[in-house]
Amino acid sequence: MWRSSGSTPSPSRMAELLTLSVRESPATLQRYPGSRSFGHDPKFMAIGEGDNGSEWVKHWVKGGHNYYYNLQTKEGTWVEPEGFVPNNTQINKEEIQGVVSGVTTAYNREQLWLANETLITKLQARCRGYLVRNGLKERMDFLKSQDPAVTCIQAHWKGYKQRKEFKDRKQYLTDHTEEAVKIQSVVRMHQARKKYKDRLKYFEDHIDDVVKIQAFIRANKARDDYKTLISAENPPMAVVRKFVHLLDHSDQDFQEELELMRLREEVVTNIRSNQQLENDLNLMDIKIGLLVKNKITLQEVVSHSKKLTKKNKTQLSDMMMMNKQRGGLKALSKEKRVKLEAYQHLFYLLQTNPTYLAKLIFQMPQNKSTKFMDSVIFTLYNYASNQREEYLLLKLFKTALQEEIKSKVDQMKEIVTGNPTVIKMVVSFHRGARGQNALRQILAPVVKEIMDDKTLNIKTDPVDIYKGWVNQMETETGEASKLPYDVTPEQAMAHEEVRTRLEASIKNMKSITDKFLSAIIVSVDKIPYGMRFISKVLKDTLHEKFPDSTEDELLKVSILICSLTSLCYRPVSAKHRSPSKAANHTEIVLTI
């Protein structure tokens, strides 16, 4: 039945299919998949091969009987003739029906395929995709299982190619070495010349800006160096060398020193004159007051006035005017006179008996001791402007130093590291003109010699020596050093070069120390008397405090503190440096 396509073939189409099914070759019938059953039938194959010449044909009738018909005689029989061979050019109803059914089935199948071509294409695509993916997966699994071998093969092959290319390139460069050197030299020369010209042109275009920047940088560097020089506890040698020319004597220094001496003498003279005028003024105030109260006559006042010179009268009148503007002493009051005399006795007692001030010094806070010394002690002794006041001030220093050593010093090295208060007083007092002149005369030649030696190295810190060594290697080689820059002292001392340089620095330090010591010893007479006196007191007091100490130890500390450091010494408290550095400092200093 023709139902798959929805229509029945026309009679002409049916006749064409029957003709084709009978007359065409089996290969043509194979166009339709459903015709394969009769395409291979022996009768149809015989038709395709030609007439076999048989006279008999066989027909099937209902009831299951076969009827045999002779084409020549037109006779039929129900019994199969002998040697029956069906004629292959004649077909019966069943064969015709079979051919029609086969053609119809083939046609329906063809229409079915055409109607579902898109679905068939998708099905085929999915099947092919599955097959491709399955094959790809199998291939990937195979490659993964063979990955080490593949990698090894690729590595060997790539290595071989690279080595070959490298050898070829190297051989090429070897064969053309001279040409390569010439090209490189020309290119580098051109680049360097161009860079130099561009840089020079840039500087020429900005010469004013360059000068300003250089001046600004140099000024800042000079200011920083100067601040370091005056504020740092231990300024670097390079900074000191920049200002060493200030130690040289010049005409201006000589004139300033003469002017300072003249002013000092004038101050001392004016102080004594003022003292005399104060006495005369006080006496005049008393007599004028008595005159007002009619206790004395006018003649006594006039006789006292005649004793004053013209100059003294002028100065006295000026002082009286100043006292009048400030309110005066109001000496007419007896209570005021008693209070003034009590203050005079108090100051006299404090000057002549230093025990009170010696005990008061140690009761002052550490941060206020300097201000106390400047505003009270030195003023009380009038800055030792005459021999009497200088003697009394030295007596105070002696008493205070003995008191401090007995009460506060437990070890001899504390004199060096403990920042003693009395030593600070002595240092502050002798930092005047006399101390500076003595310092310049004694140590200037040695300091100048050390400053002129540019190769001198007296660094004793292993880390500083190590960094200097690394910087020197980088400067000489032009390449960054492979050694670490920040190290500990122990790591720095592990290098032989650092130990060698440290030993050389210690030798230089001892040599310089010997020079300073020799300069001080041969110039003992130039040291102010007050310093030598304090040195003797320090030695005797230390001997009493530490009777087991040797003479050399006492002399070391005495010379260090009182003959050298009192002029240029600025003690550093142990709390401002680590114990190791404090110990090293003491050890180096005591080698004197």
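Residues numbered from 1 in each chain as written. Predicted model: local features only at pLDDT ≥ 70, side-chain atom pairs only at ≥ 80, totals over all residues. Heavy atoms only, no water.

1. Concerning the overall build of the protein chain
Worth spelling out the cut-off: Each helix corresponds to a stretch of at least 4 residues labelled H or I by DSSP, and each strand to a stretch of at least 2 residues labelled E; elements are numbered beginning at the N terminus. With a 1.4 Å probe rolled over the protein chains alone, any residue whose accessible area is under 20% of its type maximum counts as buried; one over 50% counts as exposed, and the rest are partly exposed. Two residues qualify as a contact provided that any one of their heavy atoms is within 4.5 Å of a heavy atom in the partner residue. All accessible areas in this document rest on Shrake-Rupley with a 1.4 Å probe, and a residue is counted as covered only by the protein chains that are shown.
On a plain count of helices and strands, the protein chain comes out with 26 helices and three strands. Per-residue burial for the protein chain yields a buried fraction of 26% across its 592 residues. Pairs at least 24 residues apart make up 65% of the contacts formed inside the protein chain by residues separated by at least 6 positions. Looking at the protein chain as shown, the accessible area adds up to about 41500 Å², and 56% of this sits on carbon and sulfur atoms.

2. Overview of unusual backbone geometry
Here lysine 74, not a glycine, exhibits a phi torsion of approximately 65°, which is positive. Tracing the chain through its elements places lysine 74 in the loop between strand S2 (65-70) and strand S3 (76-77). Judged by its relative accessible area of 59%, lysine 74 is exposed.

3. Side note on the environment of histidine 430
Mapped onto the fold, histidine 430 is located in the loop between helix H19 (421-429) and helix H20 (433-452). A relative accessible area of 5% means that histidine 430 is categorised as buried. C-alpha separation for the pair histidine 430 and glycine 530, spaced 100 residues apart in sequence, amounts to 8.6 Å.

4. What about the packing of aromatic side chains?
Note the following rule: Here a Phe, Tyr or Trp ring, Trp counted by its six-membered ring, pairs with any other such ring whose centre lies within 6.5 Å, and the pair is stacked when the planes are under 30 degrees apart, edge-to-face when over 60, and tilted otherwise.
A complete count under the given rule lists seven aromatic pairs for this structure. Note on tyrosine 68 and phenylalanine 84: the rings are 5.0 Å apart at their centroids and 75° apart in plane angle, and the pair reads as edge-to-face. Of this pair, tyrosine 68 sits in strand S2 while phenylalanine 84 is found in the loop between S3 and helix H5 (93-115), placing the two residues 16 residues apart along the sequence. Assigned by exposure class, tyrosine 68 and phenylalanine 84 land together as buried.

5. Topic: the side chain of serine 523
The cut-off we apply is this: Polar contact criterion, stated in full: a pair of N or O atoms within 3.5 Å, where within protein one must be able to donate a hydrogen and the other to accept it, and residues adjacent in sequence count only if both atoms are side-chain atoms.
Inspection of the secondary structure puts serine 523 in the loop between helix H23 (496-521) and helix H24 (529-545). One polar contact links the side chain of serine 523 to the main-chain carbonyl oxygen of alanine 519, over a distance of 3.0 Å.

6. Concerning the confidence of the model for the protein chain
The condition is simple: Confidence of the predictor at the level of single residues is given by pLDDT, which spans 0 to 100.
Taken over all residues, the pLDDT of the protein chain has a mean of 75, while the share at 70 or more is 74%. Highest mean pLDDT in the protein chain belongs to helix H8 (residues 177-205) (93); lowest belongs to helix H26 (residues 579-589) (35). With pLDDT under 50 throughout, residues 1-9 is counted as low confidence; its partners more than four residues away or in other chains account for 17 contacts. pLDDT under 50 marks residues 324-332. Its contacts with residues more than four places away, or in other chains, come to nine contacts.

7. Overview of the nonpolar core
Under the convention used in this document: For the purposes of this section, nonpolar cores are sets of buried Ala, Val, Leu, Ile, Met, Phe, Trp, Tyr and Cys residues that join through side-chain atoms within 4.5 Å.
Within the largest apolar cluster, 47 residues are counted, with the highest numbers of intra-cluster contacts made by Ile377, Tyr381, Leu393, Phe397, Leu401 and Leu542. Discounting residues that sit within four places of it in the chain, tyrosine 381 has contacts with Leu350, Gln351, Leu357, Glu389, Leu392, Leu393 and Leu396. Counting eight residues, the second largest nonpolar core, distinct from the first, contains Tyr466, Trp469, Val487 and Ala492.

8. Here we look at the environment of isoleucine 377
Tracing the backbone shows isoleucine 377 in helix H16 (residues 369-380). Put simply, isoleucine 377 and leucine 396 are 19 residues apart on the chain and 9.5 Å apart in space, counted from C-alpha to C-alpha.

9. Some remarks on the packing of helix H17 (residues 387-408) against H24
Just so we agree on the cut-off: Fitted lines through C-alpha atoms serve as axes, helices being fitted only where they are in contact, and the angles separating the N-to-C directions of these axes extend from 0 to 180 degrees. Each angle receives one of four descriptions, namely roughly parallel if under 35 degrees, roughly antiparallel if over 145, roughly perpendicular if within 65 to 115, and oblique otherwise. Take the far helix as the reference: if the near one is turned anticlockwise from it by less than a right angle, the crossing is left-handed, and if turned clockwise, right-handed.
Put simply, H17 and H24 touch, their axes get as near as 10 Å, and they point 25° apart. Relative to H24, the element H17 lies roughly parallel. Considering the relative orientation of H17 and H24, their crossing is right-handed. Across from Leu394, Phe397, Lys398, Leu401, Gln402, Ile405 and Lys406 in H17, the residues of H24 making contact are Tyr529, Gly530, Phe533, Ile534, Val537, Leu538, Thr541, Leu542, Glu544 and Lys545.

10. Concerning the environment of leucine 396
Here leucine 396 shows up in helix H17. Looking at leucine 396, the relative accessible area reads 0%, which means it is buried. Leucine 396 sits 43 residues away from asparagine 353 along the chain, and the two C-alpha atoms are 8.1 Å apart. With near-sequence residues (within four places) excluded, leucine 396 lies in contact with Pro354, Leu357, Ala358, Ile377 and Tyr381.

11. Topic: the sheet that holds S3
As a reminder of what qualifies: Criterion used throughout: strands pair if DSSP finds at least two bridges between them.
The strand order across the open sheet built from three strands is S1-S2-S3, with neighbouring strands paired in antiparallel fashion. Each of the sheet's edge strands pairs with one partner strand only, and the pair in question is strand S1 (56-61) and S3. Sheet topology places S1 next to S2; six bridges connect them, and they run antiparallel. If you follow lysine 58 over to S2, its bridge partner there is tyrosine 68.

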